[in-house]
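The residues making up each chain are set out below.
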Amino acid sequence: MLRCEDLIDKVLAYNPQAEVSMLRRAYVFSAKVHKGQTRMSGELYLSHPLEVAGILADLRLDVPAITAGILHDTVEDTDTTTEEISRYFGEEVALLVDGLTKISTMRFPSAEDRQAENIRKMIIAMVHDIRVILIKLADRLHNMRTLEYLSRSKQIRIAQETLDIYTPIAHRLGISIIQHELEDLCLKYLHPNRYGDIAAKNPEKQQEQERHVREIAALLEDKLKEFGIRANPMALPSNLYSIYKKMVSRQAPIERVYDVIRVRLITERSIDCYTALGLIHNLWKPVPGKFEDFIGVARTNQYQSLHTLVMGHKGHPIKFEIMTEAMLRQWERGITTRWMYKKSPRESLEQKTERFAWLRNLLQWQKELLDSREFLTSVKEDLFPDVIYCFTPKGEVRELLKGSTPIDFAFNIHTEIGQKAFSCRVNGRQVALDYVLHNGDTVEIGTSEEQTPKREWLRFAKTPKARARIKEWLRAKEKERSIEVGLAILKSTFEKYRVDTAMLDDETAFQELIHKLGHHDREKFLENVGYGKLTPLLAVEKLLPAREFRRLKKKDEKQRKKEPQESPEVGIQVSGADDIFVHLASCCSPIPGDRIIAFIGNKRGVSVHEIDCPLVPELDVNPERRIEVTWDPETQISRPVRVRVQVMDKPGVLADICSAITAHEANIGKTQVSAVGEKTARCDFEIEVRDRAQLDEILLAIGKTETVISVERVKGIERSKLSTA
Ligand code: MN
């Protein structure tokens, strides 16, 4: 068992200023709370956290990370609380231990292939500090090293989970020394026969390789010297698992895998890598298409080197991997190199920038890097942008966007569940449908046959899928509705022109009619009439003798003139439709800047109301008739609004107010003055304004007029008895 003093020596070797008292205190604390616990191996439980800390020291991590390694199982397996850890060891260590406890207490459902990727991402998304992952990997590594003491079924389960979840994480973070040891241990427990076979043959093959490499090195040596390059060729170590994978994918025996001689060349400077490459290509013939420059363009896990395959030494192809010492370190330790203790803590900004250059290039990360914590948080966010992972009640993992709600989750499972989503429980607790989900939540959706998608869901549905499905459904509903409306409009027009409405129900006759009008689809035709894209008069015209039609039309027009006219251009955009007939309701006369709400009307297209219009509650009984509209910022037209002013009844009052209005470039339509009290009068104006901002200025200017008592915009159904001034 690793002793506390061994651990401290290890840390002091690379970090002479380490605060070793913290490590000692953590050791004493851990020994105390784990007292009496043993591992399956019979060893004291304490040996496990100490070994984990030892692995972290091998990775040269900082003191808080190693301290957290010593304490990593205390909260989960003993009575210790996170608060105690925080009190004795500070917030930083406590946060690390807390992160580890959260991962350990999460129960992963069986790691099916398609789940594994999500679980990996979830683990990374859950932690706020990459060091938590590093400690978790060290923990798993020690558990794998001591797996022999567990039952066979546990060995298989843990090894499979390690291979599905933890080795890919180690790979992603570029920590190949941990990745390879874990992989070999997994192979040992998952395929013991194959492992035994490879492990038995490998040393001999490896020696053979080394012999070849010495010969190749001798051939290279003079050339390298000639160009002043100090380089050190060595046989590339192969981990057993990668040999196993090659044997499986090539369906070949181990001999064939070792057909290729693999050489690693370590140079001093990265420029030397390229020179060495040139020399190699000069000595042996390169295989076309097998050269890769991972120095110029690093792999996503920051692996850097030059790869080339050449022909051949004694009939063997030779694979070269050329890299510098620093690149090798990066390959072995990956992201941990960012956490390694630094000899000079006072790094200049340039040095820091230099150190982080690789990741910055990769992630196009713009922000200034001031501390590595912030930096790694960003790395994490960039690797896994804005996603969360939630469980179904059966333990399946679903990926959602950050900020997603139960509606998103429901549509993620199935469109029908989304459409009928009625209630939701998160981790067993009832929540509203707009509740914001968190990583790791278990979400259970309740459905109801009566439920249908609601327009207001669009307020909080976050994922594109859910939004598209909701809109689709609403649009279909709107279409249905406008078909109904279209039919009603046709009916009433037919009645007005005294055409028999029976033909509307006669499918053949009706189909014939719309054919004559140049249309084919009955529904489409009705829909267009409903939206106001087509006038019902077209149909009437076809059905009546020309003279009769003209007569009735004239009569109808006369009738219509008595009704107030709407401006044909209203400057409203309707989502999902371009040329729907829209009019601004005369009851509240909304103007740009007002919050508006719109409904598909019974007779003519869509009517737009100001949101506080007193008619709105009356109209808003059927949510399916609501339709989303916005002001079109392009359209600049004048719109009438009504303004009521209370004034002192004095001569010249009206002139003052009128000049206040015209000074702001607004036209005055109708005006009416009525005496209210003995000395006060009420003036009602209809003025034409562009938008709310202009109106507000006018109201302000009127209010400032000396004789004015009050001024307000009049909205609502109260029909003012305006007369032309
Ligand atoms: Mn552990």
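Predicted, not measured: the structure shown is a model, and the values here were computed from it.

Caption draft 1: Here's a closer look at the overall build of the chain. Within the chain, the secondary structure is distributed over 29 helices and 21 strands. Within the chain, buried positions represent 48% of all 725 residues. In the form shown here, the chain has an accessible surface area of approximately 37200 Å², with 49% of it arising from carbon and sulfur atoms.

Caption draft 2: View of the sheet that holds strand β18 (residues 639-648). Strand order in the open sheet made by the four strands is β19-β20-β18-β21, with antiparallel pairing throughout. The two strands at the open ends of the sheet, each matched to only one other strand, are β19 (667-675) and β21 (708-714). Direction aside, the axes of adjacent strands within the sheet are offset by 20 degrees on average. Across six bridges, β18 lies against β21 in antiparallel orientation. By the bridge assignment for β21, Val647 is matched with Val708. Sheet contacts for helix α28 (residues 653-662): β18, β19, β20 (680-689) and β21; angle to β20, the most-contacted strand, approximately 20 degrees. Against the sheet, helix α29 (residues 692-704) touches β18, β20 and β21, its axis set at about 160 degrees to β21.

Caption draft 3: Structural context of the nonpolar core. Counting residues in each nonpolar core, the largest one holds 71 residues, and the members touching the most others are Ile66, Ile85 and Met144. For this core, the element with the highest residue contribution is helix α8 (residues 130-145), accounting for nine residues. Counting the residues that make up this core, at least three belong to each of domain 1 (4-149) and domain 2 (193-335). Setting aside chain neighbours within four positions, we find Met144 in contact with Ile158, Ala159, Thr162, Leu182, Leu185, Cys186 and Tyr189. If you look at the next biggest cluster of nonpolar residues, it comprises 37 residues, including Leu490, Val574, Val606 and Ile627.

Calculation criteria
- Residues numbered from 1 in each chain as written.
- Predicted model: local features only at pLDDT ≥ 70, side-chain atom pairs only at ≥ 80, totals over all residues.
- Heavy atoms only, no water.
- Helix = DSSP H or I, 4+ residues; strand = E, 2+ residues; numbered from the N terminus.
- Buried < 20%, exposed > 50% of the residue type's maximum accessible area, 1.4 Å probe, protein only.
- Areas by Shrake-Rupley, 256 points an atom, 1.4 Å probe, with all protein chains shown as cover.
- Pairing = 2+ DSSP bridges.
- Axes fitted to C-alpha atoms, helices over the stretch in contact; angles between N-to-C directions.
- Contact = heavy atoms within 4.5 Å.
- Core = buried A, V, L, I, M, F, W, Y, C linked by side-chain atoms within 4.5 Å.
- Domains from an automatic or database assignment.

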